[in-house]
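Report on the structure
The chain contents come next:
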Amino acid sequence: MLKNLLLALFVLMNTSLIAQMPAGVSGRAGAMGGGNMNIGRFYGKIVDGKTNKGIEAASVQLIQSKFDTLTKKRKDTIVAGMLTDKRGEFAFESLAIAASYKLKVTAIGFKAIEQKVAFEMKMGGGDMSRALAGVDKDLGNIAMEADAQVLEGVTVTANKPLYSASIDRKVFNVEKNLNSAGGTAVDVMKNVPSVQVDLDGNVTLRNASPQIFVDGRPTTLTLEQIPADAIASIEVITNPSAKYDASGGTSGILNIVLKKNKKVGYSGNLRAGIDMRARPNLGGDFNVRQGKVNLFANANYGMRKSISNGETERTSLFDNPNTFLKQYDESVSKGFFSFGRLGADYFIDNRNTLSGSINLVRGEFKPYTTSDIFVDTLASSGTATSNSIRNSNTVGSFRNLGTTLGFKHNFAKPGKELTADLNFNQSKNENNNKIVNDIYPKLGSDEGYRQFIQLLNGAGTNKFFTVQTDFVNPLSENAKIEMGLRAQFRSVDSRNDIFQQLPNGTIVPIPQLSSKYENTDNVYAAYTSFSNKYKKLGYQLGLRIESSEYEGTVYSTKTDGKDSIQTFSNNFPISLFPSAFFTYDLGNQQDLQLSYTRRVNRPNFFQLFPFTDYSDSLNLSRGNPNLIPEFTSSFELGYQKITEKNNSFLATYYLKYTENLITRVQQKENNPVTGDEVLVNTYTNANSSIVTGLELTSKFAVKKWWDLTGNLNLFTSKINIDDPSVTEQDNIYSYFIKLNNTFKLPKNFTVQLSGEYTSKTILPPGGSGGGGGRFGGGGMMWGGPGNTAQGYVRPNYFVDLSVRYEFLKNRAASITLSWSDIFRTRISDQHSESQFFIQDSRRRRDPQFFRLQFAWRFGKFDTSIFKRKNIRGEMQNMQNMNEGVQF
């Protein structure tokens with residue numbers, strides 16, 4: 001009673017506040033704070049106006065007007081100075097970004113130049129990661145004989161909020177999220193607007209599986225393999241432009257931006273934590289930049305123990321006679337994962353940068369699942385019952401290697417740049433599973449007892465390589481053209497060997513159920529886009545061209561004992577993917593947005609290969625080589641408004657129409673070994689589907705000490721299937737609401753209270769979705785077929801609470817206590833049915849989970865770490881060189 005009352009007050013209070021808040025969206029006007037943060041950098045090149053060659057040994061001085069306490073007047077003071085190198089280049093670092101400067105350049109034989117330079121404090125669409133990148137100000141080529149030119153301003157902000165939005169994405173600042181401290185990317189996603197996470201860590205974006213990117217590129221990492229403390233921000237891109245891969249179907253992209261610092265000096269963070277099951281985690285970040293080199297590193301180690309339980313009731317309608325099954329499951333999964341990242345930036349000169357990094361991930365999981373299965377035969381002549389106990393013991397491991405190499409060239413023209421990068425990811429996994437079935441044909445009696453032991457040995461490798469280049473060229477103040485090329489190469493090989501252990505201990509292979517398969521798929525793409533602004537109307541038009549090809553081979557053994565090799569391939573012709581984005585400025589910091597994109601979802605190898613997977617006897621699956629890609633047209637219409645104090649409101653109506661939707665269905669057939677009738681999950685192309693929805697997102701400063709972010713998503717979907725054997729799913733109107741409260745309390749305490757409620761929702765048409773499964777499994781084996789187009793999830797909700805205390809000088813250290821699912825209400829309750837079965841299942845995992853985390857940050861923004869210099873003496877010499885010059 002108490003928890004229901006508290007929940008009701010929580011939802012009522014936040015809903016009321018959302019209804020009363022002024023409209024606005026984060027984005028164009030960020031809160032300015034932090035004073036004169038010394039993180040700015042000016043750089044450029046001094047050239048001869050006639051030959052355009054660099055001038056060596058030109059004197060470059062940066063001058064700032066400061067208040068003189070003796071004369072009580074303002075006085076021009078040289079704050080930095082240097083001589084250009086042999087290329088004519090110069091750079092000043094560790095500058096106050098809120099100050100105004102004058103740049104003075106002198107050289108023998110040339111006319112002196114003096115011009116104003118500054119970091120302009122304005123927002124750029126709410127993308128804080130982009131805004132911070134603006135502290136590196138390129139002053140361009142400065143010709144000695146020409147007058148100074150007025151240069152573009154820099155978009156910066158000194159304080160990143162928890163959430164911000166721009167025209168094409170929403171950005172969630174992970175460093176501000178207390179609930180995910182010490183966790184993984186799965187814990188981060190729980191608080192991200194528009195995103196939902198199920199019990200096993202599968203992520204959906206607007207009820208469909210998104211593409212997972214890391215630092216703007218696809219990855220083979222799962223979300224559970226990325227520690228939350230290594231993440232800087234999450235970018236939610238619901239309608240990607242032509243610049244991005246067209247894959248992803250009805251959903252968008254979740255881009256995970258990892259931490260990387262380019263500030264001069266050194267900085268870092270050390271952390272350690274422990275959860276309620278005495279599982280520790282350790283980690284740290286370190287960054288150092290000196291001269292032409294910037295080094296960054298991250299390491300994390302965490303242990304896990306997850307406990308889940310549930311029950312399933314299923315009436316099978318295809319058996320003769322029909323049967324009723326009731327199954328109780330309990331799963332305990334133990335394991336660990338380690339994550340390491342090392343990288344460097346080499347600044348060849350002011351305009352050319354070479355970057356590289358390597359990621360190493362390793363882990364192990366050991367889930368143990370016990371299933372108590374009761375079967376009642378619904379025979380007209382009487383009732384026959386049986387009972388079996390199923391124990392599944394798995395030992396699995398995974399490894400991942402990821403490398404990136406990138407090059408960036410900045411032209412003298414501000415904003416004009418050329419980038420190229422190579423990305424390689426390779427993941428390996430091994431799984432050994434022993435399943436023991438104790439079968440009691442007569443309930444309450446050992447008569448007819450028998451034991452069946454099955455052994456599963458599996459392994460696989462996934463290699464993913466991409467090469468990409470992008471070119472950006474501003475044509476005028478508002479016009480810009482972008483273009484790029486991309487090639488993607490993926491290869492997958494996997495094997496599953498199935499054995500039976502006889503009562504005498506002899507292990508016998510079952511080649512008919514074992515399989516080995518290999519496949520490769522390649523995608524080639526090119527894109528271009530043009531953006532401009534006409535009065536109050538801004539627009540971006542883009543076109544992406546893609547072609548793809550794949551081929552696969554399945555090695556198996558037929559029932560007659562002969563080996564079988566099946567090969568299949570397909571080449572998808574060149575497809576066009578147009579995109580269009582429009583914004584209209586309504587004035588008073590509000591605007592309208594309209595966008596259209598076309599995307600594709602190609603069937604993956606597991607959906608294509610025609611071999612039945614018997615590794616889970618309760619959940620058989622097979623691909624369909626006749627599948628074709630599904631194409632989705634997406635429309636979004638949005639309104640955003642920013643009010644005073646950076647309060648914000650964003651409303652978006654979206655519609656997605658998909659042709660040839662890939663969806664799961666069941667087929668009845670005989671097991672080739674036992675001869676029993678079984679259900680096999682497979683895939684088919686539905687005629688089409690339509691998803692529509694209205695999403696409202698708002699950030700509101702209730703008080704100076706209380707910030708509230710709310711996200712409400714109302715949606716419905718309809719699937720049309722031209723197959724008389726498949727019953728169409730009824731149309732369901734659904735919604736979910738997320739509320740995130742941050743309270744800044746006295747004595748350096750911060751409290752974060754967040755909650756989510758989801759109404760009755762249709763099962764995702766493609767299954768439970770991807771996006772990176774939960775580490776260590778837990779409850780992986782379930783009685784009955786997987787999700788299909790027929791079914792729904794019953795309403796559920798949960799509330800999380802975190803408290804952080806900061807201490808030491810400048811709040812350098814903190815202790816965070818997080819408590820997830822505090823009311824023990826987070827339950828997966830699903831109903832599914834077809835002409836073959838009716839099933840209800842309920843699951844709960846890790847309710848009321850505690851985690852305690854300690855963190856300590858350190859650093860110093862120092863331009864001379866390894867080689868100490870007398871900066872003050874150098875500045876005095878520079879001033880003496882210019883004695884007598886009046887400013």
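Time to look at the overall build of the chain. Of regular secondary structure, the chain possesses five helices and 45 strands. Within the chain, counting contacts between residues at least 6 apart in sequence, those at least 24 apart form 70% of the total. Accessible area of the chain: about 39700 Å², with a carbon and sulfur share of 55%.

Before going further, it helps to spend a moment on the sheet that holds strand 7 (residues 136-143). In space, the three strands of this open sheet follow the order 4-1-7, with mixed pairing throughout. This sheet does not close on itself; its edge strands, each paired only once, are strand 4 (89-96) and strand 7. Adjacent strand axes in the sheet meet at a mean angle of 20° when their direction is disregarded. In this structure, strand 1 (residues 38-47) lies alongside strand 4, joined through six bridges in antiparallel fashion. Looking at the pairing, Gly40 lines up with Leu95 of strand 4.

Take the sheet that holds strand 33 (residues 662-670) next. Spatial strand order, 30-34-33: three strands in an open sheet with mixed pairing. Of all the strands in the sheet, the pair left with one neighbour each is strand 30 (620-621) and strand 33. Bridge count between strand 33 and strand 34 (residues 677-685): nine bridges; the pairing is antiparallel. What sits directly across from Arg664, in strand 34, is Tyr683.

A separate point is a positive patch on the surface. Positive charge collects at one region of the surface, where Arg362, Arg399, Lys428 and Lys463 lie side by side. Along the chain, the position of Arg362 falls in strand 20 (residues 352-379). Using a relative accessible area of 48% as the deciding quantity, one classes Arg362 as partly exposed.

On the surface, a nonpolar cluster with roughly 910 Å² of combined accessible area is contributed by Val293, Leu295, Tyr346, Ile348, Leu354, Leu405, Phe407, Leu422, Phe465, Val467, Phe489 and Tyr524. Among the secondary structure elements, those contributing two or more residues to the nonpolar patch are strand 18 (293-316), strand 21 (382-410) and strand 23 (450-474). Tracing the backbone through its elements, the reader meets Leu354 in strand 20.

Moving on, we come to unusual backbone geometry. The phi angle at Gln589 is positive, at roughly 55°, despite the residue not being glycine. Of the residues examined, Gln589 reaches a relative accessible area of 39% and is grouped as partly exposed. Even without being glycine, Asn660 reaches a positive phi, approximately 60°. Tracing the sequence through the fold places Asn660 in the loop between strand 32 (648-659) and strand 33. Residue classification places Asn660 among the partly exposed positions, given a relative accessible area of 28%.

Applying the stated criterion across every chain yields a total of 20 aromatic pairs. Here Phe411 and Phe471 contribute two aromatic rings whose centre-to-centre distance is 6.2 Å and whose plane-to-plane angle is 85°, an arrangement assigned as edge-to-face. Of this pair, Phe411 sits in the loop between strand 21 and strand 22 (417-440) while Phe471 sits in strand 23, and the two are 60 residues apart along the sequence. A network of ring pairs unites the aromatic residues Phe286, Trp856 and Phe858 as a single cluster. Between the NZ or CZ atom of Arg41 and the centre of the ring of Phe347, over which it lies, the distance is 6.0 Å. Seen from the ring of Tyr792, Lys760 lies directly overhead, with NZ or CZ sitting 4.1 Å from the centre.

A separate point is the nonpolar core. Among the nonpolar cores identified, the biggest contains 29 residues, and Met189, Val195, Ile231, Ile234 and Ile256 are the most heavily contacted of them. Elements with a minimum of two residues in this core: helix 3 (185-189), strand 10 (195-197), strand 11 (203-205), strand 12 (211-214), strand 14 (231-237), strand 15 (253-258), strand 19 (323-347) and strand 20. Among residues more than four places away in sequence, those in contact with Ile234 are Lys170, Val171, Phe172, Val174, Val188, Met189, Val192, Asn255 and Ile256. Ranked by size, the runner-up nonpolar core spans 25 residues in total, among them Val60, Ala96, Leu103 and Ile142.

This part takes up the pairing of strand 15. Most of strand 15 is tucked away, with six of its six residues classed as buried. Of the two faces of strand 15, the one carrying Ile253, Asn255 and Val257 and the one carrying Leu254, Ile256 and Leu258 are both buried. As defined by bridge partners, strand 12 adjoins strand 15 across four bridges and the pair is classed as parallel. The residue of strand 15 that forms the bridge with Gln211 is Ile253.

For the rest of this paragraph, the subject is the confidence of the model for the chain. Mean pLDDT over the chain: 80, with 81% of residues reaching 70 or higher. Contacts of residues 123-129 to residues separated by more than four positions or lying in other chains number 31 contacts, the stretch itself having pLDDT below 50.

What counts, and where the lines are drawn
Numbering of residues starts from 1 in each chain and follows the order in which that chain's sequence is written. Under the rules for a predicted model, residues below a pLDDT of 70 receive no local features and side-chain atom pairs below 80 are neither given nor counted, while totals for whole chains, interfaces and linings still include all residues. Hydrogen atoms and water are omitted, and side-chain values are computed over all heavy atoms in the structure. The numbering of helices and of strands both runs from the N terminus, where a helix is a DSSP run of H or I of at least 4 residues and a strand a run of E of at least 2. What makes two residues a contact is simply this: any of their non-hydrogen atoms within 4.5 Å. Accessible surface area values rest on a Shrake-Rupley calculation with a 1.4 Å probe, where residue burial reflects the displayed protein chains alone. In this description, strands pair whenever DSSP reports at least two bridges between them. Under this scheme, a helix contributes an axis fitted over its contacting stretch, all axes are lines through C-alpha atoms, and angles between N-to-C directions fall in the 0 to 180 degree range. Exposure above 30% relative accessible area and no salt bridge define the residues that can form patches, which grow by joining like charges within 9 Å and nonpolar side chains of Val, Leu, Ile, Met, Phe, Trp and Tyr within 5 Å. The salt bridge definition used is simple: a Lys or Arg side-chain nitrogen within 4 Å of an Asp or Glu carboxyl oxygen. The positive count covers Lys and Arg only, the negative count covers Asp and Glu only, and His and the chain ends enter neither. Here the site of a charge means atom NZ of a Lys, CZ of an Arg, CG of an Asp or CD of a Glu. Buried, partly exposed and exposed residues are distinguished by accessible area as a fraction of the type maximum, computed with a 1.4 Å probe on protein chains only: under 20%, between the cut-offs, and over 50%, respectively. Aromatic contacts are taken between Phe, Tyr and Trp rings whose centres are within 6.5 Å, Trp giving its six-membered ring; a plane angle under 30 degrees counts as stacked, one over 60 as edge-to-face, and the others as tilted. Whether a charge sits over a ring depends on NZ of Lys or CZ of Arg being within 6 Å of the ring centre and within 35 degrees of the ring normal. Buried Ala, Val, Leu, Ile, Met, Phe, Trp, Tyr and Cys residues that are joined via side-chain atoms within 4.5 Å together make up what is termed a nonpolar core. Per-residue confidence from the predictor is reported as pLDDT, a score between 0 and 100.

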